[in-house]
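Here is how the chains run, residue by residue.
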Amino acid sequence: MQRLRCFKSCRQLLRSICEGAAKPASSPRSYSRGPSSFGLLFDIDGVLIRGRTPIPEAKQCFRNLVDRNGKYKVPVVFVTNAGNCMRQTKAEHLSHLLEVEVSPDQVMLSHSPLRMFTQFHKMCVLASGQGPVEEVAHNLGFEDVVTIDMLRDAYPVLDVVDHDRRPKDSIPPTKGLRPIDAIILFGEPIRWETNLQLIIDVLLTNGKPGKSWTSTQYPHIPVLACNMDLLWMAEARNPRFGHGMFLVCLESLYKKITGYDLKYEALIGKPSVVTYNYAELLIRQQAETLGWKTPVKTLYAIGDNPMADIYGANLYNRYLQASRRTKAKVQAKSCGGGVDPTAEAVDSKITATEMGGAAHGSDEDLPEGCSSILVCTGVYSRDQQELPSDPAQTVTEQRIFHGHRDFRFDPTLTQPSFVVQDVKEAVELVFQQEGWPLV
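The rules behind the values
Residues numbered from 1 in each chain as written. Predicted model: local features only at pLDDT ≥ 70, side-chain atom pairs only at ≥ 80, totals over all residues. Heavy atoms only, no water. Helix = DSSP H or I, 4+ residues; strand = E, 2+ residues; numbered from the N terminus. Buried < 20%, exposed > 50% of the residue type's maximum accessible area, 1.4 Å probe, protein only. Contact = heavy atoms within 4.5 Å. Areas by Shrake-Rupley, 256 points an atom, 1.4 Å probe, with all protein chains shown as cover. Pairing = 2+ DSSP bridges. Axes fitted to C-alpha atoms, helices over the stretch in contact; angles between N-to-C directions. Parallel < 35°, antiparallel > 145°, perpendicular 65-115°, else oblique. Nonpolar A, V, L, I, M, F, W, Y, C, P; charged D, E, K, R; others polar. Salt bridge = Lys/Arg side-chain N within 4 Å of Asp/Glu carboxyl O. Expected span 1.5 Å × (residues − 1). Polar contact = N/O pair within 3.5 Å; in protein donor to acceptor, adjacent residues only side chain to side chain. Core = buried A, V, L, I, M, F, W, Y, C linked by side-chain atoms within 4.5 Å.

1. Observations regarding the overall build of the chain
- Each helix and strand in the chain was counted, giving 13 helices and 15 strands.
- The burial tally for the chain puts 53% of its 439 residues in the buried class.
- Taking the contacts inside the chain whose residues are at least 6 apart along the sequence as the reference set, 76% of them involve residues at least 24 apart.
- Surface accessibility of the chain: about 19,500 Å² in total, with carbon and sulfur atoms responsible for 50%.

Have a look at this one:
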């Protein structure tokens, strides 16, 4: 598949992107206490904060994670599906809320892996979302960016759902734009009807929205989507619509109009494997900054959403096991030994969509595993009915699948390694598991 060929050197690209972002401390400090070596991946919304309000246990938790000088005791990376800002902005926001220093090098947004999609960087791309989407796109390496507002301004008669935003009196002339080669969906927009209408226009005109619709242009121009979260947790008692809900609307509209399925060139952000590959390299970077000499053996991913955080961590753990089996198979072949018949069994369970462009078979020292920890301060609560462990049971009899359309319903991937009340209990559990003193 073209997508997988494009990312054959995924980890090498990721490493080159991360190089130089953070340098080892001038006076290396080692917190290593024996052979155990681990890193922490924190979701943000529903784990550390609710909207703009920090969860009380989060502050206490992070006070225990830093020493008297404010330096982290273990590698920490924040992995969020949010994507409506720059990493620097998110780092400053977390630093203020948690009252510890958070570096941009510790923050991974849903769109961060787009840095390695270099084959699109010179194309003219339409960026959908909210916040500084043009600045974000340029920062990721995209050179020719068109926003929804720019498109709306160039074609004044396309956006007419809101009567108050229709052209008054005479209709302004069409300015026209260069043809759009690809679409990047960064996150949920503010005016859904505007973005849905204009994106459909671009898809059905092969990137030339001034032309007439045609469904014969299929497959359509490439679409890259970040953040598949159907729901997320803010201050309200119940979850709020996320970008995954916007994707459902777009997919439904495209299918209704054309009879075809909307195709994605890539789906990134949690729960895709490429997101965790990227996060693992940031963890490795943090470990080097701490002066650690041994590779990180275990990752602990702490989240509140079974369909994003837990599914993603477990899928990445499956990927890690597949990589180990593949490496063992290659070593067995090189030594003239027998081949483990299960060597590719796990790998065969991961689809290209779930990989999100991540590469197989890296020779680098990957972690041995990734454990998932579910907290009850966000999307998930203990009152919810558990998912059936048997995929043969129909979803409607138990619970609706909130994952993306192109991800399989695999109940085993939504089952966390551990369930705790909050992030403080999660970190205490990790340190207990690893035999480390927390204070």
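Here the narrative resumes, following the displayed structure.
2. So, the sheet that holds strand S8 (residues 182-185)
- The strand order S7-S6-S8-S9-S12 describes an open sheet built from five strands, whose pairing is parallel. Each having just a single partner strand, strand S7 (144-147) and strand S12 (266-268) make up the two edges of the open sheet. If you compare each strand with its neighbour and ignore which way they point, the axes differ by 20° on average.
- As paired elements, strand S9 (residues 223-226) and S12 share three bridges and run parallel to each other. Bridging across to S12, Cys 226 finds its partner in Ile 268.

3. Looking at the packing of helix H3 (residues 56-65) against helix H13 (residues 423-434)
- Following both chains from N to C, one finds H3 and H13 inclined at 30°, their axes separated by 8 Å at the closest point. Judged by the inter-axis angle, H3 sits roughly parallel to H13. Judged by residue contacts, Glu 57, Ala 58, Gln 60, Cys 61 and Leu 65 of H3 engage Val 423, Lys 424, Val 427 and Phe 431 from H13.
- Here the contact of H3 with H13 is composed, by residue class, of six nonpolar, one polar and two charged.

4. Considering the sheet that holds strand S1 (residues 38-42)
- Read across the open sheet, the six strands follow the order S5-S4-S1-S13-S14-S15; overall the sheet is parallel. Each edge of the open sheet is held by one strand with a lone partner, namely strand S5 (107-108) and strand S15 (418-419).
- Judged from the three bridges that link them, S1 and strand S4 (residues 76-79) form a sheet pairing that is parallel. Paired with Leu 40 across the strands is Val 76, a residue of S4.
- Its contacts with the sheet place helix H9 (residues 273-289) against S1, S4, S5 and strand S13 (298-303), and it is angled at close to 155° to S4.

5. Structural notes on the pattern of salt bridges
- Under the definition given, this model contains 16 salt bridges.
- Of the charged contacts in the structure, one is a salt bridge between Lys 59 and Glu 99, with a shortest N-O distance of 3.2 Å. With Lys 59 in helix H3 and Glu 99 in the loop between helix H4 (87-98) and S5, this residue pair connects regions lying 40 residues apart in the sequence.
- Given the relative accessible area of 24%, Lys 59 is considered partly exposed.
- Here Asp 159 makes a salt bridge to Arg 165, at a shortest N to O gap of 2.9 Å.
- Assessed through its relative accessible area of 2%, Asp 159 is described here as buried.
- Note on Arg 165: relative accessible area 25%, which makes it partly exposed.
- In the salt-bridge network here, residues are joined through shared partners; they are Asp 43, Lys 270 and Asp 309.

6. Things to note about helix H8 (residues 243-258)
- Taking 1.5 Å as the rise per residue, H8 with 16 residues should run 22 Å; its terminal C-alpha atoms sit 22 Å apart, in good agreement.
- Where H8 is concerned, the buried positions are His 243, Gly 244, Met 245, Phe 246, Leu 247, Leu 250, Glu 251, Tyr 254 and Thr 258.
- Next to the buried residues of H8 lie S8, helix H7 (192-204), S9, strand S10 (231-232) and strand S11 (240-241).
- Positive backbone phi, approximately 85°, marks Gly 259, located one or two places after H8.

7. A closer look at unusual backbone geometry
- Residue Pro 271 is bonded to the preceding Lys 270 through a cis peptide linkage, with omega at 15°.
- For Asn 206, which is not glycine, the phi torsion reads 55° and is therefore positive.
- Tracing the backbone shows Asn 206 in the loop between H7 and S9.
- Judged by its relative accessible area of 33%, Asn 206 is partly exposed.
- The residue Asn 227 is not glycine, and still its phi comes out positive at about 70°.
- Among the structural elements, Asn 227 can be located in the loop between S9 and S10.

8. Focus on the pairing of strand S6 (residues 124-128)
- Across the five residues that make up S6, a large majority, five, are buried.
- Side chains of S6 alternate between two faces, with Cys 124, Leu 126 and Ser 128 and Val 125 and Ala 127 buried alike.
- Taken together, the four bridges between S6 and S7 define a ladder with parallel strand orientation. By the bridge assignment, Leu 126 is partnered in S7 with Val 146.

9. Let's talk about the environment of Arg 87
- Secondary-structure assignment places Arg 87 in helix H4.
- Residues Arg 87 and Gln 106 lie 19 residues apart in sequence; the distance between their C-alpha atoms is 8.8 Å.
- Discounting residues that sit within four places of it in the chain, Arg 87 has contacts with Pro 104, Asp 105, Val 107, Leu 109 and Ser 112.
- A polar atom in the side chain of Arg 87 sits 3.4 Å from the backbone oxygen of Val 107.

10. Notes on the nonpolar core
- Of all hydrophobic cores here, the largest spans 97 residues; its most connected members are Phe 42, Leu 48, Phe 62 and Phe 78.
- With sequence-adjacent residues up to four places away left out, Phe 62 is seen in contact with Phe 42, Leu 48, Tyr 72, Val 76, Phe 78, Leu 98 and Val 100.
- Residues Met 86, Met 116, Val 145 and Phe 186 belong to the second largest nonpolar core, which totals 21 residues.

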